[in-house]
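Results of the structural survey
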Amino acid sequence: MVTVSGVSLAYVLPRKGSIAALDTISAEFAQDQFHVIIGPSGCGKTSLLKIMAGLLKPTEGTLNIAGAPVQGVRKNTAVIFQDFGLLPWKTVKANAALALKFQKGVSYRLGKVDSLLAQFGLKGFEKAYPRELSGGMQQRLAIVRALVSEPDLLLMDEPFSSLDNVTREEAQDFFLAVKRELQLTIIMVSHAIEEAVYLADRVHVMSGRNPGTIRHSLAITRDGVSHSQFRESPRFYDHCNTLRKLLRDKKYQQAFLSENHRGAVL
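Presented here is an overview of the structure given in this document. For every chain, the first residue of its written sequence is number 1, and the numbers climb from 1 along that sequence. Local features in this predicted model are restricted to residues of pLDDT 70 or higher, and side-chain atom pairs are both shown and tallied only at a pLDDT of 80 or more, whereas totals for entire chains, interfaces and linings draw on every residue. The basis for the side-chain values is all heavy atoms of the structure; hydrogens and waters are excluded.

**A word on helix α8 (residues 234–248)**
In DSSP terms, a helix is any run of H or I states spanning at least four residues, a strand is any run of E spanning at least two, and both are numbered starting from the N terminus. Expected span of a helix: the number of residues minus one, times 1.5 Å. Under the 1.5 Å per step criterion, the end-to-end length of α8 is 21 Å for 15 residues, consistent within 8% with the ideal 21 Å. To sort residues, take the accessible area from a 1.4 Å probe on protein chains only and compare it with the maximum for the residue type: under 20% means buried, over 50% means exposed, and anything in between is partly exposed. Within the span of α8, buried status applies to F236, H239, C240, T242, L243 and L246. Buried residues in α8, looked at end-on, bunch into an arc of 160 degrees, giving them a common side. Away from the buried face of α8 by more than 90 degrees, exposed residues P234 and R248 are located. Arc definition: directions from the helix axis to the C-beta atoms.

Listed below in structure tokens is the structure:
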């Protein structure tokens, strides 16, 4: 679905030349899967996500989605930012319908807005403003706004980071249900190892800082364990430990990379 080939990015600084953010990233993100990108602060995770969204143009390399090169914002790609990106001066319904201003078939989609607001537990709040909603409700509104455009690719930048632990886990389960129902391809940035393992079909590990790159890719296997029981399973902790070592231990990183080159997938 998404193919990144040799992508590098440098930010131009006023009177100071430029600073490298990404270095020669090549990776594939399979269709209809949940992908999570993790890595240390400053490694360029959000910059990579913005390139996928068409909001940034890479300095070098190419990006293809569904076999077509990305040239600017793509209409079938939706983005949920860390702060949800809700406009405080617009009502819940106006926020949900915001993307329709730039698309055809608005009359049909307006009916879809009402349907999605009801489906996501926001019926009766259409005239409320974001400040009047809880964090979980704001997140659901951001999801509605993303889904009303009927995307095939959803990009998310730490969408659960502002939620408390209990609400965060509930939101993760809710989002997995949405993913299964709509068969979306999802690429999400996260700092949390446990969150990445719980949600993802595959985790992509970035390393480095100014510039960063994707060094490893870990397939998440659940051995038949349901999502409701996965957090308590030995396999969950095995994956978490593997990711911790990939983020911290250079010798383990080299050994993992060597195994991957021989075709093994952990």
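Next, the rest of the story.
**Looking at the sheet that holds strand β9 (residues 202–207)**
For two strands to pair, DSSP has to find at least two bridges joining them. Taking strand neighbours across the sheet as the criterion, the six strands line up as β6-β7-β8-β3-β9-β10 in an open arrangement whose pairing is mixed. For this open sheet the edge positions go to β6 (77–80) and β10 (213–219), each flanked by a neighbour on one side alone. Averaged over all pairs of adjacent strands, the angle between strand axes in this sheet comes to 20 degrees, irrespective of strand direction. With four bridges joining them, strand β3 (residues 34–38) and β9 adopt parallel strand pairing. The partner of I37 across the bridge, within β9, is H204. Structural elements are reduced to axes, namely lines fitted to C-alpha atoms, with helices fitted over the stretch in contact, and the angle between N-to-C directions of any two is expressed from 0 to 180 degrees.

**Looking at the packing of aromatic side chains**
In this scheme Phe, Tyr and Trp rings, the latter by its six-membered ring, pair at centre separations within 6.5 Å, and the angle between planes marks the pair as stacked below 30 degrees, edge-to-face above 60, and tilted otherwise. A full pass over the atoms with the stated rule returns four aromatic pairs. Among the aromatic residues, those joined into a cluster by ring pairs are F230, F236 and Y237. We count a charge as sitting over a ring when the NZ of a lysine or the CZ of an arginine lies within 6 Å of the ring centre and within 35 degrees of the ring normal. Above the face of the F230 ring, R222 is positioned so that its terminal group lies 4.8 Å from the ring centre. Note that R231 overlies the ring of Y198, its terminal NZ or CZ placed 3.6 Å from the centroid.

**Comments concerning the pairing of β10**
The element β10 is extensively covered by neighbouring structure, given that six of its seven residues are classed as buried. Relative to β10, β9 runs antiparallel, the two sharing six bridges. Opposite S207, over in β10, you have T213 as the bridge partner. Once β9 ends, the chain turns through five residues before running back antiparallel as β10, passing G208 with a positive phi of about 90 degrees.

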